[in-house]
Amino acid sequence: MTIAGNWLDWTAERARDWIAVPLASDDKYSRGVLGMITGSREYPGAAVLGVEAAVRTGVGMVRYRGPERAENLVLARRPEIVRGAGRVQAWLTGSGMDAGTRSTETTAMVAAALAEGLPSVVDAGCLDLVVGGAPIVITPHFRELSALLSRHGIEATPQQLQQAPGEWAVRAAATLQVTVLLKGSVTHIASPAGMQIRVSGSTPWLATAGTGDVLGGILGALVATHAEQAQNDQNALAELAATASLLHAQAALRASAGGPIAALDVAEALPATIAALLGGTPGR
Ligand SMILES: NC(=O)C1=CN([C@@H]2O[C@H](COP(=O)(O)OP(=O)(O)OC[C@H]3O[C@@H](n4cnc5c(N)ncnc54)[C@H](O)[C@@H]3O)[C@@H](O)[C@H]2O)[C@@H](O)CC1
Ligand SMILES: Nc1ncnc2c1ncn2[C@@H]1O[C@H](COP(=O)(O)OP(=O)(O)O)[C@@H](O)[C@H]1O
């Protein structure tokens, strides 16, 4: 473990503790159900990428709610997915949405989901719906965090955020009162309770469309499988976010092997990445 300044550099050893390996006594509900409200008419593919990443990270079940086209694509790729309303342990919202074109119906659905107070991951097009003080982790890139801070009266350009990502992640967590995962070549995670974690060692080949949607799915699955801890301990969300980012980075390295990758390749590399992280231990 390395701590540089106040930043804890996340390691595979620490990440391993946040992989919920199923037990003989488990069933799909005891493992955790992730509710996903993602995708839109404009970006149906983001829903597919998030769902693929979530199921390949390991979760009891995914319930998906979204526009018909996205739902059809999700089910064509992953027939395991259950559509429509139902009980979940955690939510993932916003990937593949645009706050500017989001329908009133979708806004109401996401607001109702977040009002349940379950641990939630909020990405891209739902960042404007985040309410402070809830067990929420947000996953913006620099442009998205710049726009979100502006809504709270703090003006900083994406370039300014990129120049000091750690400082801005900490400031955003304190201002918004949610855990912040600020994406970049090095990802910075800050919790309102003061935890600061850094994840590096990825590959720039990850800078390609849809890899953020994959990260959302990974984190959603991790949160759904640790819902109680995420609910009761703000720092648990930060450690889960760091684990998601490390899995994402390692899956990208595995998929790339030095060459280009597509976002779906990263999702497909997750099971082998997790098996390697666990040391090849078959189900404990
Ligand atoms: N397959 C999919 O369905 C994908 C969906 N995505 C979704 O797309 C939505 C928007 O995400 P973004 O991160 O793109 O949103 P941003 O709003 O952060 O980025 C859009 C901005 O990027 C700049 N930009 C656009 N095209 C550019 C170009 N060719 N060169 C330079 N600058 C350019 C413009 O300023 C534009 O306003 C999110 O909901 C996201 O989840 C993306 O993840 C990409 C893949
Ligand atoms: N140069 C880079 N090196 C390593 N990782 C990167 C780099 N650029 C982007 N990433 C990672 O790729 C992902 C991109 O996410 P995002 O910007 O949301 O893309 P999209 O909206 O297309 O899904 C993030 O996880 C980010 O940390």
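Because the structure is predicted, anything quoted here is derived from the model rather than measured.

Description of the UniProt feature "domain: YjeF C-terminal" (unreviewed entry) in the protein chain
Here, UniProt's "domain: YjeF C-terminal" (unreviewed entry) annotation points to residues 11-277. Helix makes up 49% of residues 11-277 and strand 13%, whereas the separation of the span's terminal C-alpha atoms amounts to 10 Å.

Observations concerning the packing of helix α9 (residues 211-224) against helix α11 (residues 234-256)
In contact at an axis separation of 9 Å, α9 and α11 are set at 135 degrees when each is read in the N-to-C sense. Viewed along their axes, α9 and α11 adopt a mutual orientation that is oblique. Crossing geometry of α9 relative to α11 is assigned as right-handed. Taken together, the residues of α11 that come into contact with α9 (itself represented by V214, L215, I218, L219, L222 and V223) are L240, A241, T243, A244, S245, L247 and H248. A breakdown of the residues in the contact of α9 with α11 according to their chemical character gives 10 nonpolar, 3 polar and no charged.

Some details on the site of ligand 2
The immediate surroundings of ligand 2 are formed by 16 residues, with K183, S185, L206, A207 and G212 found nearest. The biggest single contributor to the shell around ligand 2 is α9, with 4 residues. Considering only residue class, the shell around ligand 2 consists of 5 nonpolar, 9 polar and 2 charged.

Focus on the UniProt feature "binding site: (6S)-NADPHX" (unreviewed entry) in the protein chain
With numbering matched to this structure, UniProt assigns "binding site: (6S)-NADPHX" (unreviewed entry) to A46, G96, H141 and D213. Residue placement: A46 occurs in helix α3 (residues 44-57). Position of D213 relative to the elements: it lies in helix α9. If sequence neighbours within four positions are ignored, D213 has contacts with A46, L49, G50, S95, G96 and A263.

What about the site of ligand 1?
Neighbouring ligand 1 are 16 residues; Y43, G45, A46, A124 and R143 lie closest to it. When residues of the shell around ligand 1 are traced back to their parent elements, those giving at least two are α3, α6 (142-151) and α9. Looking at the shell around ligand 1, its residues break down into 5 nonpolar, 7 polar and 4 charged.

So, how was this worked out
The residue count restarts for each chain, going from 1 along the sequence in the order it is written. To read the labels, note that chains go from A and ligands from 1, taken in the order they are written. Totals for whole chains, interfaces and linings use every residue, but because this is a predicted model, local features are given only for residues with pLDDT of at least 70 and side-chain atom pairs only at 80 or more, for both listing and counting. UniProt positions are given in the numbering used here, feature names are shortened, and annotations may be inferred rather than shown by experiment. Helix and strand definitions follow DSSP, with helices as H or I runs of at least four residues and strands as E runs of at least two, each counted in order from the N terminus. Each axis is a line fitted through C-alpha atoms, taken for helices only over the stretch in contact, and angles between the N-to-C directions span 0 to 180 degrees. An angle below 35 degrees is treated as roughly parallel, one above 145 as roughly antiparallel, one from 65 to 115 as roughly perpendicular, and anything else as oblique. Crossing handedness is read from the near helix: turned anticlockwise from the far helix by less than a right angle, it gives a left-handed crossing, and turned clockwise, a right-handed one. Two residues qualify as a contact pair if the distance between their C-beta atoms, derived from the backbone, is within 7 Å. Amino acid classes used here: Ala, Val, Leu, Ile, Met, Phe, Trp, Tyr, Cys and Pro are nonpolar; Asp, Glu, Lys and Arg are charged; the rest, including Gly, are polar. Using the backbone to place each C-beta atom, any residue with that atom within 6 Å of a molecule or strand is considered near it.

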